[in-house]
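Fold and contact review
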Amino acid sequence: MTDSKYFTTTKKGEIFELKAELNSDKKEKKKEAVKKVIASMTVGKDVSALFPDVVNCMQTDNLELKKLVYLYLMNYAKSQPDMAIMAVNTFVKDCEDPNPLIRALAVRTMGCIRVDKITEYLCEPLRKCLKDEDPYVRKTAAVCVAKLHDINAQLVEDQGFLDTLKDLISDSNPMVVANAVAALSEIAESHPSSNLLDLNPQSINKLLTALNECTEWGQIFILDCLANYMPKDDREAQSICERVTPRLSHANSAVVLSAVKVLMKFMEMLSKDLDYYGTLLKKLAPPLVTLLSAEPELQYVALRNINLIVQKRPEILKHEMKVFFVKYNDPIYVKLEKLDIMIRLASQANIAQVLAELKEYATEVDVDFVRKAVRAIGRCAIKVEQSAERCVSTLLDLIQTKVNYVVQEAIVVIKDIFRKYPNKYESVIATLCENLDSLDEPEARAAMIWIVGEYAERIDNADELLESFLEGFHDESTQVQLQLLTAIVKLFLKKPTETQELVQQVLSLATQDSDNPDLRDRGYIYWRLLSTDPVAAKEVVLAEKPLISEETDLIEPTLLDELICYIGTLASVYHKPPSAFVEGSRGVVHKSLPPRTGSSESAESPDTAPSGGPAADQPSVIPTQGDLLGDLLNLDLGPPVSGPPMATSAVQMGAVDLLGDSLLRSDVGGSPAMGGSGGSFTPAPSTTAPTNVGAPLGSGLGDLFDLTGGVGTLSGSYVAPKTVWLPAMKAKGLEISGTFSRQVGSISMDLVLTNKALQVMSDFAIQFNRNSFGLAPAAPLQVHAPLAPNQSVEITLPLNTVGSVMKMEPLNNLQVAVKNNIDVFYFSTLYPLHILFVEDGKMERQMFLATWKDIPNENETQFQIKDCSLNADAVSSKLQGSNIFTIAKRNVEGQDMLYQSLKLTNGIWVLAELRIQPSNPSFTLSLKCRAPEVSQYIYQAYETILKN
């Protein structure tokens, strides 16, 4: 009878019966009882109450029973840590058992019990097992070290297990070597900075020797480890390649792909003139072809990897076109992948074969596949010039079939062929126009409209054709509307007399009746161009178009090099680096190919990068569409340039010169030279804030009026609570909230980034537009690990005030661009002005009097601060916390008068008189300043500070 009987009992008093059986003297009965317990555990019943009874069964010589008890232990040790300690003694004994299988079983189970209390007891047994005379025990102990490291890394390092693991790389048994390599690789992945696998030619030699005798999984571990090694020269690279090549004929596809990865990586170091290089190229083709005879899922993985290999080295498979021809019973995902590779391998030598195949595919029943096949014919025309004519005639034959989706795809690719070969195939336009009525997909309609607009002078009834599209203008998709607008403007510039009405109709539809900003903007641009300068309009709209390139879907070269280093892993199937899809990818290291040697390609090689690291380290962004934030588009989102601030010429704010305040030109002693107010000034060098000031965190837009109380701090000015600046809806899932703070002379922007999307976010950068006070980031936006979905990260971004200055409306408006791996996002926020109040803003009394008289009376403004119940001393100390200094205090007819001064980061002085009546909760604030437009914002700062 099979073990299924154990799963069929559902008696009530089961636990008690099992307890009795577990304590039975008969060995057989005990074994049966443990099997029943494991069966209950497997189906999800809670049998943790039997823990002590099951643990008692460990004291046995029966290997089967021991395995079952260990299985139970692994499952329940976490929920019963105190009970699990009872088992420690048995582990220690089992690790000294004469039977190596029991020693290995004990050490394996120890590694699987993830309980902190127990781990320290297991160090001694593990140390013995790592030096055991039986290789089976040693290889099991090696893996146990990696598991233990995951539970308590510090303990493993303190106990010296990592050094023992490194010694095991020189072990005489290949399986021990493979497991030691696997364990070290696993540990190194979670600690990228530690140089655990310190590979040198001697250890590489040992690994290569072990490679021949390992199991297939052992070989994969060793090959993956070799792929991370950097040979010192091309001779060493060649000798490693020679010893790895036999793995290409292995039956396991994972071993083959790992070997291919090593060879592809080291081939970078071989000169193309070497005979061996040619031999290696020839040897790489057959194993890749063989992978395509496996089951469809494996074929797909192989094809995704081959797609990368073909982009890097097309010469490997250039003679193997036939294996990528589609079989009738291939699943669609395999068909589409093969099609992609066929186009990549298409060349003048095999184009006839490829076209014949593609024409066949275009008559298949699978719609997706047919579409891709028609597109492929167009791509071949663009890639192989000699075949363009045959491709066009093939496409025309397909259009004659009148199959709707075939016709639409054909028109889309013919548009690209016209772009690549202007004035060559325009004779086919008549045939295309016959099919106008059948087009119902936006991309095909847009392509046809482009063709009609571009070749309007060759089509007699172009205006009628475009007018027919215009009838349902508002029902069309944006892509079609934009294309139609441009096409009619082109038509007007070519035939102005006949199409005046048509162009006016489309411009009013686009500008007055549309709510799409892109369409409206383009409509207005054309309207202004046509009305002000038709000649310029002609030059802009009918300009020569650049030819399109052959392969538009190639993977970007640096990404391709990184993906080649990940052949045979998920990254090579997704065609994305691991950091894009590994959650919390703490251990993801960016890999790159070794620099090329002995070849003219060195100009592009990574070693031309500065010694600091990879060349393209600084994120830079080219936004794809216009944005009203003007200057933000010209900003390079790299880290800000640090350095001494430039002498800034005075910036005009309205009629008053904000920066040319006479109070700025005070000499070192502090007595200003009273005089004219023109000229330029040099701001004091702004100190860069420490990256983490630990400021209380809070917000922007609503802050100035947010009276609900933030956090007061001893060491700095008032910090408003955080508000949401960029909602996730507007930023593809990225939510940004924040506030501004000033701590010990340093301004910072305290941000919380939250990822509410389904994909990982990385490569963050930030940039500010020019603003009234030159606020700019003083350091790059430091997000140390990619941001996983539903994760938040708090960041303190230090700011300085040495950026470009431009008067904003309102004055404290700040426009921000944030970039990540998904897109660039824009938002604007208002910063409270008190973050700009500097620490040396206390004026001397004489100076205050002289300046107050010197500033004209029309520059004085009065405000009321209502509902404030503080007394004069409390007001004074509260304001001093935010760098508003009280210079004198008088009592006039029962009223307290406070005379105060403050100075902004750009050197503007503001003088204040604050009247406080003990019984009245309303204060009167009078402000005098040479730049009166700041007064309103100073009053808001007073109100914010006093009421929070």
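Residues numbered from 1 in each chain as written. Predicted model: local features only at pLDDT ≥ 70, side-chain atom pairs only at ≥ 80, totals over all residues. Heavy atoms only, no water.

The protein has the name AP complex subunit beta in an unreviewed UniProt entry, where Taeniopygia guttata is given as its organism. Word for word, the UniProt comment on the protein under Subcellular location (unreviewed entry) is "Endomembrane system". Heading Sequence similarities (unreviewed entry) of the UniProt record for the protein holds this comment: "Belongs to the adaptor complexes large subunit family." (UniProt positions renumbered as here; feature names shortened; annotations may be inferred.)

**So, the overall build of the protein**
Broken down by element type, the protein carries 36 helices and 15 strands. For the protein, the proportion of its 948 residues judged to be buried stands at 52%. Within the protein, contacts between residues separated by at least 24 positions form 66% of all contacts whose residues are at least 6 apart in sequence. About 43900 Å² of surface is accessible on the protein, with carbon and sulfur atoms providing 51% of the total. (Helix = DSSP H or I, 4+ residues; strand = E, 2+ residues; numbered from the N terminus. Buried < 20%, exposed > 50% of the residue type's maximum accessible area, 1.4 Å probe, protein only. Contact = heavy atoms within 4.5 Å. Areas by Shrake-Rupley, 256 points an atom, 1.4 Å probe, with all protein chains shown as cover.)

**Observations concerning helix 10 (residues 135-151)**
Helix length check: helix 10 (17 residues) gives 25 Å between terminal C-alpha atoms against 24 Å at 1.5 Å per residue, within 8%. Where helix 10 is buried, its residues touch helix 7 (100-112), helix 8 (116-119), helix 9 (123-130), helix 11 (153-158), helix 12 (161-168) and helix 13 (174-190). A side-chain oxygen of the first residue of helix 10 lies 2.8 Å from the backbone nitrogen of Y136; this N-cap is D134. (Expected span 1.5 Å × (residues − 1). Polar contact = N/O pair within 3.5 Å; in protein donor to acceptor, adjacent residues only side chain to side chain.)

**Side note on the nonpolar core**
Counting residues in hydrophobic clusters, the biggest one holds 214 residues, and the most contacted among them are Y72, L126 and F418. With sequence-adjacent residues up to four places away left out, F418 is seen in contact with Y425, E426, V428, I429, L432, W450, I451 and Y455. (Core = buried A, V, L, I, M, F, W, Y, C linked by side-chain atoms within 4.5 Å.)

**Notes on the packing of helix 9 against helix 12**
The geometry of helix 9 relative to helix 12 is characterised by a closest axis approach of 11 Å and an angle of 15 degrees between their N-to-C directions. One finds that helix 9 runs roughly parallel with respect to helix 12. Our pair here, helix 9 against helix 12, has a crossing hand that is left-handed. Here C123, L126, R127 and L130 of helix 9 come into contact with helix 12, specifically with F161, T164 and L168. Here the residues of the contact of helix 9 with helix 12 are counted per class, giving five nonpolar, one polar and one charged. (Axes fitted to C-alpha atoms, helices over the stretch in contact; angles between N-to-C directions. Parallel < 35°, antiparallel > 145°, perpendicular 65-115°, else oblique. Left-handed = near helix turned anticlockwise from the far one by under 90°. Nonpolar A, V, L, I, M, F, W, Y, C, P; charged D, E, K, R; others polar.)

**Let's talk about the sheet that holds strand 10 (residues 824-830)**
Strand order in the open sheet formed by three strands is 6-9-10, with antiparallel pairing between adjacent strands. The open sheet has two edge strands, strand 6 (765-768) and strand 10, and neither has a second partner. Within this sheet the neighbouring strands show an average axis-to-axis angle of 25 degrees, counted without direction. Of the pairings in the sheet, the one linking strand 6 to strand 9 (residues 813-819) comprises four bridges and is antiparallel in character. Among the inter-strand pairings, F768 is bridged to a residue of strand 9, identified as V816. (Pairing = 2+ DSSP bridges.)

**Side note on a negative patch on the surface**
There is a patch of like negative charges on the surface, built from E464, E467, E471 and E501. Residue position: E501 is located in helix 29 (residues 500-511). E501 gets classed as exposed once you look at its relative accessible area, which sits at 68%. (Patch = residues over 30% accessible without salt bridge, like charges linked within 9 Å, V, L, I, M, F, W, Y side chains within 5 Å. Salt bridge = Lys/Arg side-chain N within 4 Å of Asp/Glu carboxyl O. Lys, Arg positive; Asp, Glu negative; His and termini not counted. Charge placed at Lys NZ, Arg CZ, Asp CG, Glu CD.)

**Brief notes about unusual backbone geometry**
At the junction of E809 and P810, the peptide bond is cis and its omega measures out at -5 degrees in the coordinates. Located in the positive-phi region is H575, a residue other than glycine, with phi close to 60 degrees. Among the structural elements, H575 can be located in the loop between helix 33 (570-574) and strand 1 (652-653). H575 sits in the buried class, given a relative accessible area of 14%. In this structure, D867 is a non-glycine residue whose phi angle is positive, near 55 degrees. The class of D867 is exposed, set by a relative accessible area of 65%.

**Brief notes about the pattern of salt bridges**
Under the counting rule described, the total for this entry stands at 35 salt bridges. Residue E337 is joined to R304 by a salt bridge in which the shortest nitrogen-to-oxygen separation is 3.3 Å. You can see E337 sitting in helix 20 (residues 332-345) and its partner R304 sitting in helix 19 (residues 296-312), a full 33 residues away along the chain. Among the salt bridges present, the one from D561 reaches K312, with a minimum N-O distance of 2.9 Å. Taken as a pair, D561 in helix 32 (residues 557-564) and K312 in helix 19 lie far apart in primary sequence, 249 residues in all. Via salt bridges that share partners, R371, R375, E409, E441 and E443 belong to a single interconnected network.

**Things to note about helix 26 (residues 442-454)**
The end-to-end C-alpha distance of helix 26, which contains 13 residues, comes to 18 Å, matching closely the 18 Å that a straight helix rising 1.5 Å per residue would cover. Where burial is concerned, most of helix 26 is hidden: 11 out of the 13 residues are buried. Buried residues in helix 26 make contact with helix 24 (404-420), helix 25 (429-434), helix 27 (462-470) and helix 28 (478-494).

**Brief notes about the confidence of the model for the protein**
Averaged over every residue, the pLDDT of the protein is 79; the share at 70 or more is 84%. The low-confidence segment residues 598-715 (pLDDT under 50) makes 229 contacts with residues lying over four places distant or belonging to another chain. (pLDDT = per-residue confidence, 0-100.)

**Brief notes about the packing of aromatic side chains**
The description of two aromatic rings rests on the distance between their centres and on the angle between their planes. One pass over the full model with this rule turns up 11 aromatic pairs. Their ring planes at 80 degrees and their centres at 4.8 Å tell us that Y574 and F581 sit as a pair that is edge-to-face. Y574 gets classed as partly exposed once you look at its relative accessible area, which sits at 44%. With relative accessibility at 25%, the residue F581 sits in the partly exposed group. Seen from their ring centres, F740 and Y831 are 6.1 Å apart, and the 65 degrees between their planes marks the pair as edge-to-face. With F740 in strand 4 (residues 734-743) and Y831 in the loop between strand 10 and helix 34 (845-854), this pair connects stretches of sequence that are 91 residues apart. Under the relative-accessibility criterion, F740 is labelled buried at 1%. Residue classification places Y831 among the buried residues on the basis of a relative accessible area of 0%. (Phe/Tyr/Trp six-rings, centres within 6.5 Å; stacked < 30°, edge-to-face > 60°.)

**Some words on the side chain of D561**
With relative accessibility at 18%, the residue D561 sits in the buried group. At 2.9 Å, the side chain of D561 and the side chain of K312 are in polar contact. Residues within four places of D561 in sequence aside, it is in contact with K312 and L593.

**Structural notes on the sheet that holds strand 11 (residues 860-865)**
Within the open sheet, the five strands sit side by side as 11-15-14-13-12. Their pairing is antiparallel. The sheet is open, and its two edges are formed by strand 11 and strand 12 (885-892), each paired on a single side. Recorded for the sheet is a direction-independent mean angle of 20 degrees between the axes of neighbouring strands. As paired elements, strand 12 and strand 13 (residues 895-903) share seven bridges and run antiparallel to each other. Looking across to strand 13, one finds that R890 is bridged to M897. Each of strand 11, strand 12, strand 13, strand 14 (909-916) and strand 15 (923-929) touches helix 34; the most contacted strand, strand 14, lies at about 95 degrees to it. On the sheet, helix 36 (residues 935-946) packs against strand 11, strand 13, strand 14 and strand 15 and is oriented at approximately 25 degrees with respect to strand 11.

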